[in-house]
Each structure stands twice: as C-alpha cells, then as structure tokens.
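# Understanding the architecture of this molecule
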Amino acid sequence: MLLAAAMTKLLSKEPIVVGGTAQEYWAGGEYHPTDLDLCPLPSARDREALVAVGLSKRGRHWVREDLPVALEFPGSGDDIERTVVVEVDDVSVRMISCEDLYLDRVRQATVSWPREDVSFDSGLEIALTNYVSIDWDYLRDRLRAVVSAEPLVGNLMAGVNRRVRSRARRAHLDLAAQRK
C-alpha cells in the first residue's frame, strides 16, 4: 500500500487499487502480491513520470530493482463506480469498493463457468468476509444493467452470483447457528 500511496502522489489522475491487493484488503486472507494493480491506464505524462522515478516497462509490468512488487495497469477502470479511501501514511489512497471488486471477480468467473475457478473462489471469499455489510441491492442493480447491456455475459454473471450468494448465505447462517 505504500507503493500505492507513492503512485497517488506521482500520477496525474488519482489511481484506484484493484486486483490482488484489493482482494487482500476486502477478504483479509493470506495473499502475497507480486504486483500492484492500479487503474486507470497511465497517460503519456504518467509514463514519463514513471520512467523519471526509475521504473521501466517489462511486458505488462513497470518494475524497479529495489521494489518488491511490480506495477500493472490492467485497464481503464471505467466499470468502477464505487471506491473507498484508505489512509496510508497521511496519503488518501483510493481502493475499489468491495461490491465492484466482487463484480469483477464474478465477471472473471464466467470464463470457466459452470466450473468453479480461482475467480469464483475470490468472489466467494469477498462475499463471505463482507456478507453483512455488502450492498446486495447495489449488486442486483449493477447485474441487471450488465444483463441489459451484455445479455450473454450478464446472464452468466447472474448465475455465478446466485451460486456465490447462496453459499455465502448458508455459511453465514451456519456461523450464526454455531454462536447460539
């Protein structure tokens, strides 16, 4: 997250932390990132700034020998509607919301659907960890919008969501019963 704070100060447009670092933040599981994923894509001025601080582009990553993780800019982030602010050494770093990260994982899980993969597991982990606080109405509305705009993908996402939510609900009820 320190690197995210540094990038927040360096880049012209405030970056949003996405990917595995966001997964670790929202799900709290053991995750050892090899890169820091940020959106949006860097502008020409940003690329110059990255080079000016000693980073070089190797494939899809920006690297520097003394940094333990690489930087990656996986996309525009146009589908991110909600973010939260995380304070890191007095720097406000934007993080993708739990709900938008969940939707990202659900979308990724459609690639191998109905087989469950790591993206499905990630979505389930987010749902389990945040079951009480997640905005399920927001997710329902966003999924409806995807179904309307992209029927094939949207319907697959709805199927993944139903299975994830059902499992998360059962686990939440089981945990509540154990507490009694």
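Preceding this paragraph is the structure being described.
My aim in this report is to walk through the structure given alongside it, one point at a time. Since the model is a prediction, treat every value here as computed from it, not as a measurement.

## Looking at the overall build of the protein chain
If you tally the helices and strands in the protein chain, you get 7 helices and 7 strands. In terms of overall size, the protein chain behaves like a compact globule, its C-alpha atoms giving a radius of gyration of 18 Å where 180 residues would be expected to give roughly 16 Å. Expressed along its principal axes, the backbone C-alpha trace of the protein chain runs to roughly 55 × 40 × 25 Å. Within the protein chain, the proportion of its 180 residues that are buried is 45%.

## Things to note about the pairing of strand 2 (residues 35-39)
Strand 2 sits mainly inside the fold: 5 of its 5 residues count as buried. By the alternation rule, side chains of strand 2 split into Asp35, Asp37 and Cys39 and Leu36 and Leu38, which are all buried. Looking at chain direction, strand 1 (residues 16-18) and strand 2 are connected through 3 bridges and run antiparallel. In the strand pairing of strand 2, Ile16 is matched with Cys39. Bridge count for strand 2 against strand 5 (residues 70-72) is 3 bridges, and the pairing is parallel. Residue pairing across strands places Leu36 opposite Leu71, the latter belonging to strand 5.

## Some remarks on the environment of Ser148
Mapped onto the elements of the fold, Ser148 is located in helix 6 (residues 136-149). Through-space distance from the C-alpha of Ser148 to that of Cys98 is 23 Å; in sequence the pair is 50 residues apart.

## Examining the pairing of strand 6 (residues 83-88)
Bridging between strand 6 and strand 7 (residues 91-96) involves 6 bridges; their strand directions are antiparallel. Counterpart to Val88 in the pairing with strand 7 is Val91. The turn linking strand 6 back onto strand 7 is made up of 2 residues, and Asp89 within it adopts a positive phi angle of 50°.

## Topic: the packing of aromatic side chains
Counted under the stated rule, the structure contains 4 aromatic pairs. Ring plane angle 80° and centroid distance 6.0 Å describe the contact between Tyr102 and Trp136, whose orientation is recorded as edge-to-face. Here the residue Tyr102 occupies a position in helix 4 (residues 98-109), and Trp136 occupies one in helix 6, the gap between them amounting to 34 residues. For Tyr102, a relative accessible area of 0% translates into the label buried. Among the residues examined, Trp136 registers a relative accessible area of 11% and is labelled buried. One aromatic cluster is present, built from ring pairs that chain together Tyr102, Tyr131 and Trp136.

## Some details on the pattern of salt bridges
Counted by the stated rule, this structure contains 13 salt bridges. The partner of Glu65 in a salt bridge is Arg58, and the shortest N-O contact between them spans 3.8 Å. In this structure, Glu116 and Arg163 form a salt bridge, with 2.9 Å as the shortest nitrogen-oxygen distance. Taken as a pair, Glu116 in the loop between helix 4 and helix 5 (118-129) and Arg163 in helix 7 (residues 151-179) lie far apart in primary sequence, 47 residues in all. A network of salt bridges, in which partner residues are shared, links Glu81, Asp100 and Arg142.

About the cut-offs
- Residues numbered from 1 in each chain as written.
- Predicted model: local features only at pLDDT ≥ 70, side-chain atom pairs only at ≥ 80, totals over all residues.
- Heavy atoms only, no water.
- Helix = DSSP H or I, 4+ residues; strand = E, 2+ residues; numbered from the N terminus.
- Rg over C-alpha atoms; globule rule 2.2 N^0.38 Å.
- Buried < 20%, exposed > 50% of the residue type's maximum accessible area, 1.4 Å probe, protein only.
- Pairing = 2+ DSSP bridges.
- Phe/Tyr/Trp six-rings, centres within 6.5 Å; stacked < 30°, edge-to-face > 60°.
- Salt bridge = Lys/Arg side-chain N within 4 Å of Asp/Glu carboxyl O.

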